[in-house]
Amino acid sequence: MNTSKNNSKSKFKQKQNKVELLLLILYVIGFYIFCIHRSLHLSRDHFSKLRGLRIGWLFSPPRLNDASDDQWRNFRTNLPILSLVFGIFTLLANIFRKLFHLRARGMSFFWLFLSLIYISYLHGACILFIFLIASSNFLLVKIFARAKYFTFLLWIFNLGFLFCNRIYQGYSFSIFGREYWEYLDNFRGTFRWHICFNLVVLRMISFGYDYHWAHQESRFDQEKHIQRCHVCKSGKNCYQILQERNAHINDYSFTTYLSYLVFAPLYIAGPIISFNSFASQLDVPQNHYSIKEVIWYGLRWVFGLCLMELMTHLFYFNAFATSASWKMLSPMDIFIIGYGVINFMWLKFFLIWRFFRFCSLIAGIEAPENMPKCVNNCHDLESFWKSWHASFNKWIVRYMYIPLGGSQRKLLNIWVIFTFVAVWHDLEWKLLSWAWLTCLFFVPELLVKSATNAFQAKGALDGFIFRELRAAGGTITITCLMVANLVGYVIGPSGFSWLISQFLSKEGLNVFGFMLLTFYVGTKLMFHISDAKQSMQ
């Protein structure tokens, strides 16, 4: 009797879930139709007031293309030459590896040679600054690696140069003497070296920590990891095992170190890779991805590029933000443009990071994947951060979060970590505002998560209430994320009060209600996606 009752309840619940899922999908379809229709009208009606639009190549007659984002415009303009250069580099590297059976030492020399050609074109004579700082860091690591205060020295040294590089804008050769050095300022290359050096700083810290830990007993249980990891069980090596397994002590050489710092495919934008994983893959190329999987990865990237071209030809989201023209719009249009800007930013970084990771994969070096999830499939701050600059997140967990005390000091650690992330990007108040706003939003989420982990649903009603509360929490989190990122990367701290005032007006309150409903529906849909993935596993 009880079994039949339970079966009928289960069938009713499944039917209820299907109806809910159908209603959610219909709402989402309607929302996107509305957003696309409204965005097309906004782009058509305001294009003459927007800066950064250029003649495009899609449609007949050609529509204007949104090239207002400096980073995307530079990448898109240089994409053909980047593809040619990295194609030649990776082809040569693979040929030489097979012909001469090169291992770690030989490949480090070879990639250092290729990378020097590359960064000499980018930075000209400024590579002297790079190698001077890098060599000083190498000496510091080698001399003090076994000292108790080593990590303090490592951070002070690297943070010091991170700040000085920005404050003095990459320095001037004239500071070494006008008579002999000043003429080198005429040969500073095509790309500012101190911008790229932010990533080099992360690599120098990674080398320092990995060498420091190589002299200690490893806490990584390789056998236990292999038992739990489906990649390692299949005979391949996952990224975690490459990172956690100490490299051979001879691999911490100056040539491997320099090769790691300036490795051409990952030099400009990453993704970020640890020294241990880089050195081990110089010795034995990655076997996680087959040739077929790498090709498919490249084809998916091409599809993403086509999507970006379509988006920038039809919708001028970033041009609205950079022109400040959206301040003249209604609250509903502000919401649509703000949502569009965040999606544009996600797709931009998705394409840049995956292009360089694809080049690295062809070269036999696997780097962690940035943006493994779509920006529209994150309903809490923790998953958003892990799914945005995911390789940076892995770096922070390994070299900051765990050394600072891990989960035992989580509420304190997030303030230190996000402040570092902000100043690492640039010395700007709007980035610090983004960091501290994110921390403020993070604290209640962490407290709620700790409470919900202890909660156990005793019946169907408890389960329903718990799910609805999680959906409400996700709605608030998405709203906070949207505000924090717009303040940090678009409007700045001065625009925060303006944004709030717009949504506290009579018309704005209605739009705010619509926005919360939309994010609530989106969060519920994410729950269904997550449930479907779990049932498939």
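From a predicted model like this one, the values you see are computed outputs, not experimental measurements.

Visitor: Report on unusual backbone geometry, specifying residues and quantitative values.
Guide: Glycine aside, negative phi is the norm for most residues, and most peptide bonds take the trans geometry. That bond from Ser 60 to Pro 61 is cis: its omega, -5 degrees, falls within 30 degrees of zero. Topologically, Pro 61 is positioned in the loop between β1 (53-55) and β2 (64-66). A cis amide bond links Gly 270 with the next residue in sequence, Pro 271, at an omega value of 10 degrees. Along the chain, Pro 271 turns up in the loop between α11 (264-267) and α12 (275-283). For Phe 59, which is not a glycine, the phi torsion comes out positive at approximately 75 degrees. Its place among the elements puts Phe 59 in the loop between β1 and β2. On the accessibility criterion, Phe 59 (43% relative accessible area) is partly exposed. Despite not being glycine, His 101 shows a phi value in the positive range, around 55 degrees. With respect to the element layout, His 101 can be found in the loop between α2 (70-100) and α3 (104-123).

Visitor: Can you break down the packing of helix α6 (residues 193-214) against helix α18 (residues 410-425) residue by residue, with the values?
Guide: The N-to-C vectors of α6 and α18 enclose an angle of 140 degrees; their axes lie 9 Å apart at closest approach. Compared by their axis directions, α6 and α18 come out oblique. The segment α6 lies against α18, with Asn 198, Leu 199 and Leu 202 engaging Phe 420, Trp 424 and His 425. For the contact of α6 with α18, the class distribution of residues is four nonpolar, two polar and no charged.

Visitor: Account for the domain arrangement of the protein chain, naming residues and giving values.
Guide: Domain boundaries assigned for the protein chain yield domain 1 (104-283) and domain 2 (370-536). Taken over C-alpha atoms, the centre of domain 1 sits 31 Å from the centre of domain 2. Contacts between domain 1 and domain 2 engage 22 residues on the former and 16 residues on the latter. With both chains or domains summed, domain 1 and domain 2 bury close to 1700 Å², and 67% of this area falls on carbon and sulfur atoms.

Visitor: A description of the side chain of Ser 115 should follow, citing residues and the corresponding values.
Guide: Within the secondary structure layout, Ser 115 lies in helix α3. A residue is classified by how much of its surface remains accessible, and Ser 115, at 0% relative accessible area, is buried. When residues no more than four places from it in sequence are discounted, the contact partners of Ser 115 are Val 262, Phe 263 and Ala 264.

Visitor: Just give me the short version of the side chain of Asp 69, but keep the residues and values in it.
Guide: Structurally, the position occupied by Asp 69 is in the loop between β2 and α2. A distance of 3.2 Å separates a polar side-chain atom of Asp 69 from the backbone nitrogen of Gln 71. Apart from residues lying up to four places away in sequence, Asp 69 is in contact with Asn 318, Phe 344 and Lys 348.

Visitor: Tell me what's going on with the nonpolar core, and back it up with residues and numbers.
Guide: Membership of the largest hydrophobic core comes to 150 residues, with the highest contact counts inside it found for Trp 111, Phe 335, Phe 392 and Trp 395. If you tally residues by element for this core, the top one is helix α15 (residues 331-362), at 20 residues. The residue makeup of this core includes at least three contributed by each of domain 1 (104-283) and domain 2 (370-536). Excluding residues within four positions of it along the chain, Trp 395 makes contact with Trp 155, Leu 202, Ile 205, Ser 206, Ile 272, Met 400 and Phe 420. Grouped together as the second largest cluster of nonpolar side chains are seven residues, Val 231, Cys 232, Cys 238 and Leu 242 included.

Visitor: Residue-level account of helix α10 (residues 254-261), with values.
Guide: Among the eight residues of α10, seven are classified as buried, and the element is accordingly described as predominantly covered. Among all positions in α10, only Thr 255, Thr 256, Tyr 257, Leu 258, Ser 259, Tyr 260 and Leu 261 are buried.

Visitor: Run through the state of the cysteines, naming residues and quoting values.
Guide: For the coordinates displayed, the defined rule picks out zero disulfides. Cys 229 forms no disulfide, and the closest cysteine sulfur to it belongs to Cys 232, at a distance of 3.7 Å. The buried category is assigned to Cys 229, whose relative accessible area is 11%. Lacking any disulfide linkage, Cys 378 is separated from the closest cysteine sulfur, that of Cys 374, by 7.7 Å.

Visitor: I'd like to hear about a nonpolar patch on the surface, residue by residue, with values.
Guide: Among the surface-exposed residues, Ile 81, Leu 84, Ile 88, Leu 91, Leu 92, Ile 95, Phe 96, Leu 99 and Phe 100 lie close enough to one another that they form a single nonpolar patch of about 840 Å² accessible area. Relative to the helices and strands, Leu 99 resides in helix α2.

About the thresholds
- Residues numbered from 1 in each chain as written.
- Predicted model: local features only at pLDDT ≥ 70, side-chain atom pairs only at ≥ 80, totals over all residues.
- Heavy atoms only, no water.
- Helix = DSSP H or I, 4+ residues; strand = E, 2+ residues; numbered from the N terminus.
- Buried < 20%, exposed > 50% of the residue type's maximum accessible area, 1.4 Å probe, protein only.
- Axes fitted to C-alpha atoms, helices over the stretch in contact; angles between N-to-C directions.
- Parallel < 35°, antiparallel > 145°, perpendicular 65-115°, else oblique.
- Contact = heavy atoms within 4.5 Å.
- Nonpolar A, V, L, I, M, F, W, Y, C, P; charged D, E, K, R; others polar.
- Domains from an automatic or database assignment.
- Buried area = accessible area lost by both parts, 1.4 Å probe.
- Polar contact = N/O pair within 3.5 Å; in protein donor to acceptor, adjacent residues only side chain to side chain.
- Core = buried A, V, L, I, M, F, W, Y, C linked by side-chain atoms within 4.5 Å.
- Disulfide = S-S within 2.5 Å.
- Patch = residues over 30% accessible without salt bridge, like charges linked within 9 Å, V, L, I, M, F, W, Y side chains within 5 Å.
- Areas by Shrake-Rupley, 256 points an atom, 1.4 Å probe, with all protein chains shown as cover.
- Salt bridge = Lys/Arg side-chain N within 4 Å of Asp/Glu carboxyl O.

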